[in-house]
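Coordinate inspection notes
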Amino acid sequence: MSSNTTDQFFKDKVLGHPSGLFVLFFTEMWERFSYYGMRAILVIFLTGSLLGDNPGWEWSSSAALSLLGTYAMLVYLTPLLGGWLADNKIGYRMAVVIGALLMTLGHASMAVETPTFLYIGIAFLIVGNGFFKPNMTSIISKMYEGHDEKKDGAYNIFYMGVNAGAFIGIMLCGWVGEKIGWSFGFGLAGIFMLLGMLQFYYAQPLFGNLGDKPNKTKDNLENVGVSDDTSKIAVKLNHFSLLDYLLIGVFTVSAIIFIINDPLSKIGDIQTFNFTVAGLTDSLFFALLASIAFILLLIIRIPRYVAIERDRMIAFTIFSLFTIFFWAAFEQAAGSLPIYTRDFTNRILEGNAATTFKIVDLIVTIVPLGVITYVLLSLFRKTFNRIGLSNIILGFSFVIVWVIVLYKVYIEFQSTETEVPITWFAILNSLFIIIFAPLFTKWWDSKYNPPASVKYFLGLLLLGLGFGFLAFGAKDVVAGAQTASLSMAWLVLAYLFHTLGEMCLSPMGLSYLSKLIPARMIAFMFGVYYLAIAIGNKLAHYVGGDIEKITNEHGLSFFFLIFTLIPIGLGLVSLMLHPLLKKLMHGVR
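Throughout this description, residue numbers start from 1 for each chain and increase along the sequence as written. For a predicted model such as this one, the threshold for reporting local features is a pLDDT of at least 70, and the threshold for listing and counting side-chain atom pairs is 80 or more; totals across whole chains, interfaces and linings nevertheless cover every residue. Hydrogens and waters are ignored; side-chain quantities use all the structure's heavy atoms.

A word on the overall build of the protein chain. Helix and strand counts for the protein chain stand at 22 helices and 6 strands. For the protein chain, whose C-alpha radius of gyration is 24 Å, the value lies close to the compact-globule estimate of 25 Å for 589 residues. For the exposure calls, accessible area comes from a 1.4 Å probe over protein chains only, and a residue counts as buried if that area is under 20% of its type's maximum, exposed if over 50%, partly exposed in between. The buried share of the protein chain, reckoned over its 589 residues, is 53%. Considering only intrachain contacts with a sequence separation of at least 6, the fraction spanning at least 24 residues in the protein chain is 82%. Each accessible area value is a Shrake-Rupley result obtained with a 1.4 Å probe; residue values ignore everything except the protein chains displayed when judging cover. Summing over all exposed atoms, the protein chain offers an accessible surface of approximately 25,500 Å²; the carbon and sulfur share of this is 67%. Charge assignment in this entry is limited to Lys and Arg as positive and Asp and Glu as negative, and neither His nor the chain termini are counted. For charged residues, the charge sits on one atom: NZ in Lys, CZ in Arg, CG in Asp, CD in Glu. A gap of 10 Å separates the mean positions of the 39 positive and 37 negative side-chain charges of the protein chain. Helix numbering and strand numbering both begin at the N terminus, where a helix is a DSSP run of H or I of at least 4 residues and a strand a DSSP run of E of at least 2. As a reference, a globule follows 2.2 Å times the number of residues to the power 0.38, and the radius of gyration itself is taken over C-alpha atoms. Note on definitions: a residue-residue contact is assigned when non-hydrogen atoms from the two residues lie within 4.5 Å.

The subject of this paragraph is the packing of aromatic side chains. A ring pair, where both rings are aromatic, is described by two values, the distance of the centres and the angle of the planes. Two rings from Phe, Tyr or Trp (for Trp, the six-membered ring) form a pair when their centres are within 6.5 Å of each other. A pair whose planes differ by under 30 degrees is stacked, one over 60 is edge-to-face, and the rest are tilted. This structure, assessed with the given rule, holds 45 aromatic pairs. Aromatic side chains Tyr-340 and Phe-560 sit 5.2 Å apart centroid to centroid with 85° between the ring planes, which places their arrangement in the edge-to-face category. In this pair, Tyr-340 is assigned in helix 12 (residues 336–344) and Phe-560 in helix 21 (residues 556–576), connecting sequence segments 220 residues apart. Between the aromatic rings of Phe-467 and Phe-563, the centroid separation amounts to 5.4 Å while the plane-to-plane angle is 35°, which identifies the pairing as tilted. Of this pair, Phe-467 sits in helix 16 (residues 452–473) while Phe-563 sits in helix 21, and the two are 96 residues apart along the sequence. An aromatic cluster is present here, built from Phe-22, Phe-25, Phe-26, Trp-30, Phe-33, Phe-192 and Phe-398 joined pairwise through their rings. Criterion for a charge above a ring: Arg CZ or Lys NZ at most 6 Å from the ring centre, at most 35 degrees from the ring normal. Here the basic side chain of Arg-32 rests over the ring of Tyr-35, its NZ or CZ set 4.4 Å away from the ring centre. It is Lys-455 that lies over the ring of Trp-444; its NZ or CZ is 4.7 Å from the centre.

Okay, the nonpolar core next. Residues Phe-26 and Phe-207 are the most contacted members of the largest nonpolar core, which totals 185 residues. What Phe-207 contacts, discounting residues up to four positions off in sequence, is Phe-9, Gly-20, Val-23, Leu-24, Arg-93, Ile-139, Met-143 and Phe-200. Put simply, buried Ala, Val, Leu, Ile, Met, Phe, Trp, Tyr and Cys residues joined by side-chain atoms within 4.5 Å make one nonpolar core.

Let's shift gears to the environment of Leu-321. With respect to the secondary-structure elements, Leu-321 resides in helix 11 (residues 307–330). Exposure remark for Leu-321: the relative accessible area of 43% places this residue in the partly exposed category. Distance from Leu-321 to Leu-570, taken between C-alpha atoms, is 9.9 Å for residues 249 residues apart in sequence.

A separate point is the side chain of Asn-537. As for its placement among the helices and strands, Asn-537 is situated in helix 19 (residues 522–544). Counting of polar contacts relies on pairs of N or O atoms within 3.5 Å, with two restrictions inside protein: one atom must be capable of donating a hydrogen and the other of accepting it, and residues adjacent in sequence are counted only when both atoms are side-chain atoms. In this structure the side chain of Asn-537 is engaged in a polar contact, spanning 2.8 Å, whose partner is the backbone oxygen of Ile-533.

Quick look at helix 15 (residues 427–445) now. Taking 1.5 Å per residue, 19 residues should reach 27 Å; helix 15 reaches 27 Å between its end C-alpha atoms and fits that length. Here the bend at a residue means the angle between the axes of two seven-residue stretches, the one that ends at it and the one that starts at it. At Phe-436, helix 15 shows its largest kink, close to 45°, and the proline Pro-438 lies no more than four residues downstream. Taken together, the buried positions of helix 15 are occupied by Ile-427, Leu-428, Asn-429, Ser-430, Leu-431, Phe-432, Ile-433, Phe-440 and Trp-444. Working rule for helices: expected span equals 1.5 Å times residues minus one.

What follows covers the packing of helix 6 (residues 182–201) against helix 14 (residues 388–414). For helices, the axis comes from a line fit to the C-alpha atoms of the stretch in contact; other axes are also lines fit to C-alpha atoms, and the angle between any two N-to-C directions lies between 0 and 180 degrees. Following both chains from N to C, one finds helix 6 and helix 14 inclined at 155°, their axes separated by 8 Å at the closest point. On the basis of the axis angle, helix 6 is roughly antiparallel to helix 14. As helix 6 packs across helix 14, the resulting crossing turns out to be left-handed. The segment helix 6 lies against helix 14, with Leu-188, Phe-192, Leu-195, Leu-198 and Gln-199 engaging Ser-390, Ile-393, Leu-394, Phe-396, Ser-397, Ile-400, Val-401 and Ile-404. Counted by class, the contact of helix 6 with helix 14 contains 10 nonpolar, 3 polar and no charged residues. Every angle not falling under 35 degrees, over 145, or within 65 to 115 is termed oblique; those three ranges are roughly parallel, roughly antiparallel and roughly perpendicular. If you view the pair so one helix is near and one far, a crossing is left-handed when the near helix is turned anticlockwise from the far one by less than a right angle, and right-handed when it is turned clockwise. Just so you know the grouping, Ala, Val, Leu, Ile, Met, Phe, Trp, Tyr, Cys and Pro go in nonpolar, Asp, Glu, Lys and Arg go in charged, and all remaining residues, Gly too, go in polar.

Further remarks concern a nonpolar patch on the surface. A contiguous nonpolar patch, built from Ile-180, Phe-184, Tyr-407, Tyr-410 and Ile-411 and spanning about 520 Å² of accessible area, is present on the exposed surface. Element by element, the count of residues in the nonpolar patch is highest for helix 14, at 3 residues. Within the element layout of this structure, Ile-411 appears in helix 14. Like-charged residues are merged into a patch within 9 Å and nonpolar side chains (Val, Leu, Ile, Met, Phe, Trp, Tyr) within 5 Å, provided each residue has over 30% relative accessible area and no salt bridge. What counts as a salt bridge is simple: a side-chain nitrogen of Lys or Arg found within 4 Å of a carboxyl oxygen of Asp or Glu.

Backbone geometry places Glu-58, a non-glycine residue, at a positive phi of 55°. Take Glu-58: it is sitting in the loop between helix 1 (19–47) and helix 2 (61–90). According to the relative accessible area criterion, Glu-58 is partly exposed, its value standing at 47%. The phi dihedral of His-586 is positive, around 50°, even though this residue is not glycine. As for its placement among the helices and strands, His-586 is situated in the segment after helix 22 (578–585). Note on His-586: relative accessible area 33%, which makes it partly exposed.

This is the structure in structure tokens:
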């Protein structure tokens, strides 16, 4: 059998899937560990008091969230370039190694805790993510060629790795950062990113030539598989016009100016373009100009496609607009919610309440980690003879995790009074996904699977209700209050409903992209979809950065009411658009 066939990967199976899938599972797990672990403590560190046992930098929330927003936006845009480089120049596996190495350097830089190294670190993380993020799933796709019936299960396993990494990363980096020191939290993220990269690098024998540097001549020969008659089928191509390129140029330049100028003006008071137009500051003006240019581009281009393609692209564009506002609210979890948790939530527990929390925390920590360790041992049994060094590195990683976890449990059980870490609540998202994902999968696979417009309605409605709990809980906090002691129950309910909303809406984007968009236009619309998520992330922290201003002027409840009413309103719009969207989708469900 040729080493080019994918059947070879199915010889050594772990839990019914190729062992290589689980190498990717753990590599992605460590990357998500580092990403979410760092993100969980970044805003708390930046806005923390300059004084105290574990001082922060005392940035304003506006400055901290502006930096986070630009970072979050760019990590969704750089994969477009990283994916192209891997496809055409360096191959998927090398792209993953380069990306992991750059992100390791990024986390190490942030651990130094100086402004210069912070910016250097974030730049490394953005570029490294561009190499890493798109190419892990590309390797899986190639590994399962000819085994389509196994793909759904493979991606489910892979995304469990994503959630496992987020869960463990937030838990450990958050606890270490808050209880021991911010540098240790950032450094821990870097250590596991490095170990993940080494584990993947030394597992290369499992992959054969899968994901190697592309051989264009060979690839072209493999793609010549159509008859002359088939190759002559006319396809109406929609070439880019001069006006299209002009609008792309205006959009690109305006967006770059906004992305750079917004954090510079808020962090360093560097006014790159210091002017006001019709009451709009420079950053807002360029953001609006970029939005108008992009909307005009879609309005001009999409009608030029043939009728069915045009209609389906319009439907997908509408879904992308809903996606922007969903993530603009959902991503408050990384920005304004940690500030709310720190300043307005009573996290001190005593007596039976403290004991109950310790037991719950022990269970939600040990059980998932035990399950993942079982998967690790299953991988060892199948692959140790072939990739022993990779397995040793992976095993060493888990030894470190277990040592930190047991130390954490020991320390927590020694105290009679417990202060719940700020970052503990962020693990609820991953925990709820692990609990509820099988139920949603059964729902989507049943005859009760709702249409797209209803899924978007449910996603936005549940998201809005989550913020509604926070708005209700904060109703008695007076405008201008700097602190309060609100119940943690409001946060738990918010994260629960946010997660349920995420499971209704988030997986739908790429699913409907594959169903609605012809193959030759996937790249363009993939860019549109990722751009929508990127804009949503930036918008989230642009608005969230005003939490102090809005809270001082109108009250904390009003701030969360904004994120309650807008998603629910847009969800109702999605529901009302059902007849139109059904018509535009031409039978696609």
